[in-house]
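What the coordinates show
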Amino acid sequence: MHFAQSLCPLAAVLLWLSPVHDARSQMAAPAKSAAPAAKPALNANRVTYVAVSGADYNFSAPDQVPAGVVAFNLTNAGADLHALALLELPTNHTLREFLDMYHSKGIIPPWMPTLGQTGPIAPNQEAFLTVRMKPGRYILACLIPARDGRAHTEKGMVKMITVK
């Protein structure tokens, strides 16, 4: 009897140290909840790719792009040099006002923010312009003068887009 009584405490210790006890205690213990992960802002890490084709003398591009980071890829499909300038068109101004000032004075109106511009690219070449855009109206314009001295914008190389 004495031997059996001395085995009981030993059996209890062995059972407590066994993997079965560990698994049971984990099942019985409430799960620790991790702090909720922060959700990234919608489109925060997404870049929208926009193909723009510049020909002699127009742009082919979507009329609307989503707000956020936008990568414009200009491909020169014409025989002349072309570039892409991205200008914000304030709500209290028009495309005609931009064109009138640019063609008469040769300057971008002071009320018109410029977001960026590619350098001139040769035919069959490409350039990229990546910007963070907020909702609004924007103008794609080629500000290079043509061989005849007239601005490419005068010949129609300007396009308005909307960012939503």
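Our subject is the structure listed above.
Structural notes, computed from the coordinates. (Residues numbered from 1 in each chain as written. Predicted model: local features only at pLDDT ≥ 70, side-chain atom pairs only at ≥ 80, totals over all residues. Heavy atoms only, no water.)

Some words on unusual backbone geometry
Going from D56 to Y57, the amide bond is cis rather than trans, its omega being 10°. Note on placement: Y57 falls in the loop between β1 (47-55) and β2 (58-60). At N124, a position not held by glycine, the phi torsion is positive, near 65°. (Helix = DSSP H or I, 4+ residues; strand = E, 2+ residues; numbered from the N terminus.)

Points about the side chain of H93
Topologically, H93 is positioned in the loop between β5 (85-89) and α3 (95-105). Judged by its relative accessible area of 15%, H93 is buried. Apart from residues no more than four positions distant in its own chain, H93 is found in contact with W111 and R137. (Buried < 20%, exposed > 50% of the residue type's maximum accessible area, 1.4 Å probe, protein only. Contact = heavy atoms within 4.5 Å.)

Digging into the pairing of strand β4 (residues 68-76)
Extensive coverage of β4 is indicated by the burial of eight of its nine residues. Here β1 pairs with β4 via eight bridges, running parallel. From the neighbouring strand, V47 faces β4, where its bridge partner is V69. With eight bridges joining them, β4 and strand β7 (residues 126-133) adopt antiparallel strand pairing. If you follow N73 over to β7, its bridge partner there is F128. (Pairing = 2+ DSSP bridges.)

Side note on the nonpolar core
V52, F59, F72, L86, M133 and L140 are the most contacted members of the largest nonpolar core, which totals 23 residues. The set of elements that each furnish at least two residues to this core consists of β1, β4, β7, β8 (136-141) and β9 (158-163). The greatest single-element share of this core, amounting to four residues, is contributed by β7. Apart from residues lying up to four places away in sequence, F59 is in contact with V52, S53, G54, L74, A83, L84, L140, A141, C142, M157, V158 and K159. Core analysis: the second largest hydrophobic core is formed by 12 residues, A85, I139, L143 and V158 among them. (Core = buried A, V, L, I, M, F, W, Y, C linked by side-chain atoms within 4.5 Å.)

Purely geometric numbers; function is a separate question.
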